[in-house]
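An overview of the molecular structure
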Amino acid sequence: MKLSFKAEALSGSRTIDVEISSLIVAGWAGRDQHAIEHHIEELFAIGVPRPSSVPLYYRVAENQLTQASRIQVVGDQSSGEVETFVFRAGGELYVSIASDHTDRKLETHSVALSKQVCAKPVAAEAWLYADVAEYWDELVIRSYIQENGERVLYQEGTLASLRPPSELISGFAGQAELPEGTGMICGTVGAKGGIRPAPSFTMELFDPRSGRTLSHSYDVEILPEVA
């Protein structure tokens, strides 16, 4: 999947075209193992299978990546999750944001399939990872949903609660660098008020030191679920 990003670095900004041929979703990527186990037990109680390992690297078709402002889903039981998205281009690691949009009904049958059937929206802007790596834990991810006609804060938290990209990359690739052509979605924070569907989703990555923000919004069109 060919994506184009406006890449910002301390040295300036430019547009980069990236061919993503392998997409990874890093699940169960939190740092607090007790909290992860508690969440696994909560989901298991409602029928979601336990992960075979933690973290767990789900492969998703690269053609599910999209920078469009609208996606289509089957049925009304899917929802978005804001996550950082890292990729390597021209020998440099970049960070953007993506939504691991997931079919919650299918999730009780197979987490891997529930991720595969939904598009993965990604922003059209990115930052040079080296510019924020030193204070990575201070960065904030957040999302908003449209609910009852109002914009509602859905997720918010610092990246300190999640494993850093270097650890996730090493765990997946067995080396320090993410291979060219590989994109990785790197984990999320809890939903305020519980996971639920919404007709639109806005996600942000905020840098409190510079005051800059990466953002992307998309609408969700529901297709009928027929037998």
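The notes below deal with the structure included here. (Residues numbered from 1 in each chain as written. Predicted model: local features only at pLDDT ≥ 70, side-chain atom pairs only at ≥ 80, totals over all residues. Heavy atoms only, no water.)

**Concerning the layout of surface pockets**
Our working definition: Residues are said to line a cavity or pocket when one of their atoms sits within 4 Å of a point; the points come from a 1 Å grid over protein atoms alone, cavities being sets where a 1.4 Å probe fits but cannot get out and pockets being open sets with protein on both sides within 12 Å along at least five of seven lines. Grid points are joined across faces, edges and corners, and a volume is the space filled by probe spheres set on the points. Only DSSP runs of H or I covering at least 4 residues are called helices, and only runs of E covering at least 2 are called strands; the numbering of each starts at the N terminus. Classification convention: Asp, Glu, Lys, Arg as charged; Ala, Val, Leu, Ile, Met, Phe, Trp, Tyr, Cys, Pro as nonpolar; all other residues, Gly among them, as polar.
By volume, the largest pocket is sized at about 720 Å³. Taken together, 35 residues line the largest pocket, and the ones lying closest to its centre are W28, H39, E81, T188 and V189. Mapped by element, the contributors of at least two residues to the lining of the largest pocket are β3 (22-27), α1 (33-45), α2 (104-107), α3 (111-116) and β14 (150-158). For the lining of the largest pocket, the element with the highest residue contribution is α1, accounting for six residues. Along the lines of polarity and charge, the residues of the lining of the largest pocket split into 15 nonpolar, eleven polar and nine charged.

**Description of the pairing of strand β12 (residues 125-128)**
Just so we agree on the cut-off: Each pair of strands is called paired provided DSSP finds at least two bridges between the two strands.
Two elements, strand β1 (residues 2-9) and β12, share three bridges in a ladder whose sense is parallel. Among the inter-strand pairings, K6 is bridged to a residue of β12, identified as E125. Sheet analysis places strand β9 (residues 92-99) next to β12, joined by two bridges and oriented antiparallel. Note that in β12 the partner of Y94 across the bridge is L128.

**Observations regarding unusual backbone geometry**
Cis rather than trans, the peptide bond between V54 and P55 has omega equal to -10°. The residue P55 is located in the loop between α1 and β4 (56-60) in this model. In this model, W28 sits at a positive phi of 55°, which is unusual for a non-glycine residue. Note that W28 resides in the loop between β3 and α1. Notably, N148 is not glycine yet its phi reads approximately 55°, a positive angle.

**Observations regarding the sheet that holds β1**
Stated formally: Every axis in this analysis is a line fitted to C-alpha atoms, fitted for helices over the stretch in contact. Angles between the N-to-C directions lie between 0 and 180 degrees. Whether two residues are in contact is decided by their heavy atoms, any of which lying within 4.5 Å being enough.
If you trace the eight strands from one edge of the open sheet to the other, you get β2-β1-β12-β9-β8-β15-β3-β4, paired in mixed fashion. Two strands lie at the open edges of the sheet, namely β2 (12-19) and β4, each paired on one side alone. With direction set aside, neighbouring strand axes in the sheet form an average angle of 30°. Against the sheet, helix α5 (residues 165-173) contacts β3, β4, β8 (82-89), β9 and β15 (182-185), and its axis sits at roughly 75° relative to β4.

**Looking at the nonpolar core**
Put simply, the rule is: Here, nonpolar core means buried Ala, Val, Leu, Ile, Met, Phe, Trp, Tyr and Cys residues that are tied together by side-chain atoms lying within 4.5 Å of each other. When accessible area is computed with a 1.4 Å probe and restricted to protein chains, residues below 20% of their type maximum are described as buried, those above 50% as exposed, and intermediate ones as partly exposed.
M184 and L205 are the most contacted members of the largest nonpolar core, which has 36 residues in total. Beyond its immediate chain neighbours, meaning those up to four positions away, L205 contacts T84, V95, S96, I97, W127, L139, V140, I141, L159, R212, T213 and L214.

**Structural notes on the pattern of salt bridges**
Put simply, the test is: Each salt bridge in this description consists of a side-chain nitrogen of Lys or Arg and a carboxyl oxygen of Asp or Glu lying within 4 Å of one another.
Summed over the entire model, instances satisfying the criterion amount to 17 salt bridges. Across the pair E81 and R104 runs a salt bridge, and its minimum N-O distance is 3.0 Å. Note that E81 is positioned in the loop between β7 (78-79) and β8 and R104 in helix α2, a separation of 23 residues in sequence. Residues E81 and R104 agree in their burial class; the two are buried.

**What to know about the packing of aromatic side chains**
The criterion, for reference: Only the six-membered ring of Trp is used, alongside the rings of Phe and Tyr, when aromatic pairs are assigned; centres must lie within 6.5 Å, and planes under 30 degrees apart are stacked while those over 60 apart are edge-to-face, with the rest tilted.
Under the definition given, this model contains seven aromatic pairs. Ring plane angle 15° and centroid distance 5.6 Å describe the contact between F87 and Y94, whose orientation is recorded as stacked. As far as the burial class goes, F87 and Y94 line up, both buried. Ring geometry for F201 against Y218: centres 5.5 Å apart, planes inclined by 45°, an arrangement best described as tilted. One end of the pair, F201, is in strand β16 (residues 200-206); the other, Y218, is in strand β17 (residues 213-223), and 17 residues separate them in sequence.

**Some points on the environment of Q116**
As a reminder of what qualifies: Distance and chemistry together define a polar contact, namely a pair of N or O atoms within 3.5 Å, with one atom able to donate a hydrogen and the other to accept it when in protein, and with adjacent residues in sequence counting only for side-chain atoms on both sides.
Following the sequence through the fold, Q116 ends up in helix α3. The spacing of Q116 and Q64 is 52 residues in sequence and 7.7 Å in space, taken between C-alpha atoms. Residue contacts for Q116: discarding those within four places in its chain leaves R59, V60, A61 and Q64. Polar contacts involving the side chain of Q116 include one to the main-chain amide nitrogen of A61, which spans 2.9 Å.

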